Amino acid sequence: MVIRDIQVGQIALPLAHPFKTALRTVEHLDDIVVRAVGSDGQVGYGEAPPTAVITGDTKGSVRCAVKEFIAPALIGMDLDDLDAVMSRLQNSMVHNTTAKAAVDMALLDLWGKSRNAPLWQLLGGAKRSFETDLTISVNPVDEMVRDSLEAVERGFHTLKIKVGKEGRRDVERLMAIRRAVGPEVAIRVDANQGWQPREAVRIISELENAGLDADLVEQPVPAWDFEGMKYVTAHVNTPILADESVFSPRDAVRVIQERAADLINIKLMKAGGIWPALRLCAIAETFGVECMIGCMLESKIAVSAAAHLCAAKGVITRADLDGPSLCAEDPFTGGPVFDGPTITLTDDPGIGVGSIPCSDWQ
């Protein structure tokens, strides 16, 4: 199948509640969408959430990258030579990982449809269903407790708690939530780069002594502070998850070899899509390191693509794919089934999501 066109559009969805982290506050999802058109008329879809504080990508930069650099490099290529197509995509320009991810998933969606098979099976087929956590935004303690109890009532067994803004108050937040939800609910702590190394060790040690029993602590220090990550990992018992510190395979190898973290968080928007994320999975498998699959503020389009990767690879043992659960509405059809914490892959070809609420493709 020849790639006939690659187009961009835009979608906007309200969030059920404002999304608050140590880095930003967001009240609605406003993302670029990509449509890849094949020579037989079939289409594949991708999504690019502009997350400037993490990837450096904006709506304008994503549009420019796709239309001015990526599309001209790929249109006319034969999608049956998938290695060549994906290599040219990644080499079309440096950085711009969010734009590359959106095109990558659109092309793989189209590729799966051309083979009339779901992507998760084509890439490995390790598991058909799995559970995701649900993110609790950083807020006053009573509000976070309320949101946590609401999540448990919705059936979620794992909560990811956003902290990293107020140091000692973070301990109070987390312990109040633990007391409220009880010992059976797993708690993941996400500091979003909000602590300094010694502060992180002090806080995590205090949480360990208080009996939080956290599943992991995600990115406790700034992404650039590699030595700080090593220091934290070496001085606490709780597993440390590297998120913003790992974009590329080179980052992953360094983090693993130098023991700067215990786990790796794979996000398509950091990696540049599913195809390069497969390299991260292969590296993790080689070193015997487990991965989590995460997402930015994404709709069902991009989260479904990440779900296919998670279902394909056994090395991905944890999921933070709660984007659709954070949205106030779901205008999409097809694709994986999101039922509370459980995500179940279907036999829909490709990624499977259809009925994209966008009419101004360019």
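What counts, and where the lines are drawn
Residues numbered from 1 in each chain as written. Predicted model: local features only at pLDDT ≥ 70, side-chain atom pairs only at ≥ 80, totals over all residues. Heavy atoms only, no water. Helix = DSSP H or I, 4+ residues; strand = E, 2+ residues; numbered from the N terminus. Rg over C-alpha atoms; globule rule 2.2 N^0.38 Å. Buried < 20%, exposed > 50% of the residue type's maximum accessible area, 1.4 Å probe, protein only. Contact = heavy atoms within 4.5 Å. Areas by Shrake-Rupley, 256 points an atom, 1.4 Å probe, with all protein chains shown as cover. Lys, Arg positive; Asp, Glu negative; His and termini not counted. Charge placed at Lys NZ, Arg CZ, Asp CG, Glu CD. Pairing = 2+ DSSP bridges. Axes fitted to C-alpha atoms, helices over the stretch in contact; angles between N-to-C directions. Arc of directions from axis to C-beta. Salt bridge = Lys/Arg side-chain N within 4 Å of Asp/Glu carboxyl O. Phe/Tyr/Trp six-rings, centres within 6.5 Å; stacked < 30°, edge-to-face > 60°. Lys NZ or Arg CZ within 6 Å of the ring centre and 35° of its normal. Polar contact = N/O pair within 3.5 Å; in protein donor to acceptor, adjacent residues only side chain to side chain. Core = buried A, V, L, I, M, F, W, Y, C linked by side-chain atoms within 4.5 Å. Expected span 1.5 Å × (residues − 1).

Caption draft 1: Representation of the overall build of the chain within the structure. Along the backbone of the chain there are 13 helices and 16 strands. The globule rule puts the C-alpha radius of gyration for 362 residues at 21 Å, and the 20 Å found for the chain is close to it. Along the three orthogonal principal directions, the C-alpha set of the chain runs to about 60 × 40 × 35 Å. In the chain, which comprises 362 residues, the proportion classed as buried is 59%. Taking the contacts inside the chain whose residues are at least 6 apart along the sequence as the reference set, 74% of them involve residues at least 24 apart. Taken as a whole, the chain presents about 13600 Å² of accessible surface, with 47% of it coming from carbon and sulfur. Positive and negative side-chain charges in the chain, numbering 36 and 50 respectively, have mean positions lying 3 Å apart.

Caption draft 2: View of unusual backbone geometry. Of note in this structure, N96 is not a glycine but carries a positive phi near 50°. Mapped onto the fold, N96 is located in the loop between helix 2 (82-91) and helix 3 (97-114). Look at N96 and you get buried, because its relative accessible area is 18%. Although it is not a glycine, D213 adopts a positive phi angle of roughly 55°.

Caption draft 3: Main features of the side chain of T21. Along the polypeptide, T21 turns up in the loop between strand 1 (3-20) and strand 2 (25-38). Look past the residues within four positions of T21 in its chain and what remains in contact with it is V138, K162, K165 and N192.

Caption draft 4: A look at the sheet that holds strand 3 (residues 43-48). Strands sit in the order 1-2-3 across an open sheet of three strands; the sheet is antiparallel. Taken across any chain shown, the strands that pair with only one partner, and hence form the sheet edges, are strand 1 and strand 3. When the angles between neighbouring strand axes are averaged without regard to direction, this sheet yields 25°. Direction of pairing for strand 1 relative to strand 2: antiparallel, over a ladder of 13 bridges. Across the sheet, the residue bridging to Q7 is R35, located in strand 2. Against the sheet, helix 12 (residues 300-312) touches strand 1, strand 2 and strand 3, its axis set at about 100° to strand 3.

Caption draft 5: Helix 9 (residues 249-257), seen in detail. Among all positions in helix 9, only P249, A252, V255 and I256 are buried. Around the axis of helix 9, the buried residues are gathered within 130° of arc, so they sit on the same side. In this structure, helix 9 carries R250 and Q257 as exposed residues pointing more than 90 degrees from its buried face. R259, located one to two residues past helix 9, shows a positive phi value of around 55°.

Caption draft 6: Structural view of the pattern of salt bridges. Tallied over the entire structure, the rule returns 23 salt bridges. Between D30 and K59 there is a salt bridge; the shortest N-O distance is 2.8 Å. In this pair, D30 sits in strand 2 while K59 sits in helix 1 (residues 59-74), placing the two residues 29 residues apart along the sequence. For D30, a relative accessible area of 21% puts it in the partly exposed group. Its salt-bridge partner being E227, residue K230 comes within 3.9 Å of it at the nearest N-O pair. With K230 and E227 both in helix 8 (residues 226-235) and three residues apart, this pair spans about one turn of that helix. Look at K230 and you get partly exposed, because its relative accessible area is 24%.

Caption draft 7: Just the packing of aromatic side chains, in detail. Counted according to the given criterion, the structure contains one aromatic pair. Relative to W361, the ring of Y45 has its centre 6.0 Å away and its plane inclined at 35°; by these criteria the two rings are tilted. Of this pair, Y45 sits in strand 3 while W361 sits in the segment after strand 16 (353-354), placing them 316 residues apart in sequence. Residue classification places Y45 among the buried positions, given a relative accessible area of 13%. Its relative accessible area of 16% is what places W361 among the buried residues. Sitting above the plane of the F226 ring, R254 keeps its charged end 3.6 Å from the centroid.

Caption draft 8: Inspection of the side chain of K113 at higher detail. Within the secondary structure, K113 sits in helix 3. Here the side chain of K113 touches V43 through a polar contact of 2.7 Å, landing on its backbone oxygen. Among residues more than four places away in sequence, those in contact with K113 are Q42, V43, G44, Y45, P349 and G350.

Caption draft 9: Spatial organisation of the nonpolar core. Grouped together as the largest cluster of nonpolar side chains are 128 residues, with contacts concentrated most on L74, L309 and L321. Residues contacting L321, with those up to four places away along its chain left out, are F130, T132, D133, I293, G294, C295, V303, A306, A307, F338 and I343.

Caption draft 10: How the structure looks around helix 7 (residues 197-210). For helix 7, which comprises 14 residues, the first-to-last C-alpha distance of 20 Å matches the rise-based estimate of 20 Å (1.5 Å per residue) to within 8%. Residues P197, A200, V201, I203, I204 and L207 constitute the buried set of helix 7. The secondary structure elements touched by the buried residues of helix 7 are helix 6 (168-181), strand 8 (216-218), helix 8 and strand 9 (240-242). Just beyond helix 7, the residue with positive phi is G211, at close to 85°.

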